[in-house]
Structures are given as structure tokens and as C-alpha cells.
Amino acid sequence: MSYDAREIANVFLDMAEVKGHRLTSMALLKILYFAHAWHLAKYKEPLVGQKFEAWKHGPVNRVVYDQIKRFGAGPITERLQKLDVSTGAFVDAKATIYGDRLVFLENVFAYYSEFHPYKLSDLTHEKGTPWDIVWNAAEKNAVPGMLIPDKLILEWFEKTGGRLYRSGEQGANT
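Definitions and cut-offs
Residues numbered from 1 in each chain as written. Predicted model: local features only at pLDDT ≥ 70, side-chain atom pairs only at ≥ 80, totals over all residues. Heavy atoms only, no water. Helix = DSSP H or I, 4+ residues; strand = E, 2+ residues; numbered from the N terminus. Expected span 1.5 Å × (residues − 1). Buried < 20%, exposed > 50% of the residue type's maximum accessible area, 1.4 Å probe, protein only. Arc of directions from axis to C-beta. Contact = heavy atoms within 4.5 Å. Axes fitted to C-alpha atoms, helices over the stretch in contact; angles between N-to-C directions. Parallel < 35°, antiparallel > 145°, perpendicular 65-115°, else oblique. Left-handed = near helix turned anticlockwise from the far one by under 90°. Nonpolar A, V, L, I, M, F, W, Y, C, P; charged D, E, K, R; others polar. Core = buried A, V, L, I, M, F, W, Y, C linked by side-chain atoms within 4.5 Å.

Chemist: I'd like a description of helix H4 (residues 99-112), backed by residues and values.
Modeler: Over its 14 residues, H4 extends 20 Å from the first C-alpha to the last, a length consistent with the 20 Å expected when each residue adds 1.5 Å. For H4, the complete set of buried residues consists of Phe104, Leu105, Val108, Phe109, Tyr111 and Tyr112. End-on view of H4: buried residues confined to an arc of 165 degrees, all on one side of the axis. Structurally, H4 contributes buried residues whose contacts are with helix H1 (5-18), helix H2 (25-43) and helix H5 (117-124).

Chemist: So, the side chain of glutamate 7: which residues are in play, and what are the values?
Modeler: Secondary-structure assignment places glutamate 7 in helix H1. A residue is classified by how much of its surface remains accessible, and glutamate 7, at 8% relative accessible area, is buried. In contact with glutamate 7, not counting residues within four places along its chain, are Lys82, Ala93, Lys94 and Ala95.

Chemist: Residues and numbers for the packing of H2 against H5, please.
Modeler: The axes of two packed helices give the description: the angle between them and the distance between them. Close contact between H2 and H5 brings their axes to 9 Å; oriented N to C, the two are set at 40 degrees. Classified by the interaxial angle, the pair formed by H2 and H5 is oblique. Like other packed secondary-structure pairs, H2 and H5 cross with a definite hand, here left-handed. Facing H2, whose interface residues are Met26, Ala27, Lys30, Ile31, Tyr33 and Phe34, H5 presents Pro117, Tyr118, Leu120, Ser121, Leu123 and Thr124. Across the contact of H2 with H5, the residue classes break down as 9 nonpolar, 2 polar and 1 charged.

Chemist: Just give me the short version of unusual backbone geometry, but keep the residues and values in it.
Modeler: One non-glycine residue with positive phi stands out, namely lysine 44, at about 60 degrees. The residue lysine 44 is located in the loop between H2 and strand E1 (52-55) in this model.

Chemist: Explain the nonpolar core residue by residue, including any values.
Modeler: Phe12 and Leu105 are the most contacted members of the largest nonpolar core, which totals 51 residues. When contributions to this core are tallied by element, the ones reaching two or more residues are H1, H2, E1, helix H3 (62-68), H4, H5, helix H6 (130-137) and helix H7 (150-160). Dropping the residues within four chain positions of it, leucine 105 is found in contact with Ile8, Val11, Phe12, Met15, Ala35, Leu47 and Ile97.

This is the structure in C-alpha cells:
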């Protein structure tokens with residue numbers, strides 16, 4: 001089961017707040033991407049239903065970006081919202097996550113939230129990453145929407161373990 005990306009973004013914003021931190025747009029977008037990628041590798045299904053796009057500074061989930069861009073490079077101070085179709089009102093996007101999925105998200109967040117946002121961006125730009133493949137393909141061919149296919153993300157994270165490490169650690173403790 002996939003979640004709305006705004007719901008998972010709010011989960012990470014809540015986790016940051018518990019730690020006494022605020023996330024920037026870049027940090028949130030990259031942590032969301034890594035969570036989605038590791039979720040694909042571990043559970044063989046997408047974490048979020050909305051696709052990621054290859055943008056200059058790395059993978060971006062547009063529905064999340066559209067709501068957080070107003071914070072610029074500063075901290076995100078409000079929760080993301082979505083339309084409640086039963087009332088027609090916008091409400092905070094909330095997901096009910098528990099058990100191993102919640103532990104999974106906590107582990108991914110604990111690992112990647114320690115990185116500076118620019119380092120997170122650098123990790124997504126490594127040669128051969130899904131972002132790199134889509135970004136460079138666009139130099140020669142049209143890539144509609146610059147979408148990064150989940151299949152490409154899954155293959156790369158399965159094949160390389162994400163090659164995302166710090167001081168010799170392999171990937172997130174998922």
C-alpha cells in the first residue's frame with residue numbers, strides 16, 4: 001500500500017520536531033526520496049504513490065515541493081495538507097503507520113537526518129544513480145516530466161545497496 005507523499009512528509013516533520021529540529025525543503029525532499037527507495041528495496045512496493053522527478057538538486061516529489069517551496073531555504077514550520085473529499089476542506093495530511101513500517105521510517109529518518117541537506121543532494125547525484133541516469137538521458141532525449149521510474153530506483157538500490165554510506169556504513173539501518 002502506497003501513502004500520499006504529503007502524509008509521509010508530515011511523519012518526517014513530526015519526527016524532526018520530536019528531536020527538536022526543523023527540516024528544510026531540501027532535507028525533507030531527499031529524506032522522503034531515500035525512504036521511498038529503501039522501501040522499494042525492502043518491501044518491493046512504493047512508499048508513496050506520487051512519482052519523483054529529476055531536478056537540478058536531485059529527486060523531487062512535486063506534490064510535496066509545491067507545498068513547501070514557500071519556505072525557501074528556511075525551516076518548514078507547517079504541516080502539509082491535502083483535500084478531504086468528504087468535506088471539501090484542506091486538512092493536515094496524516095497517515096496511520098505502525099509496526100515494522102513505522103520502525104522502518106524511524107530508522108531511515110534517524111540515519112539520513114544526520115546528513116547536511118547538500119550532502120543528501122550529493123548522494124543522489126552519484127554516477128549511475130537513478131537521478132543521474134534520468135538527468136543525463138534528458139541531454140539526448142526527451143524525458144517527459146523528468147520522472148524517475150520506481151523500477152530504476154528499485155534496481156539501483158537492490159544492486160548497490162544504495163551505495164549511500166557514511167564512515168563505511170552501508171545504507172540506512174532498515
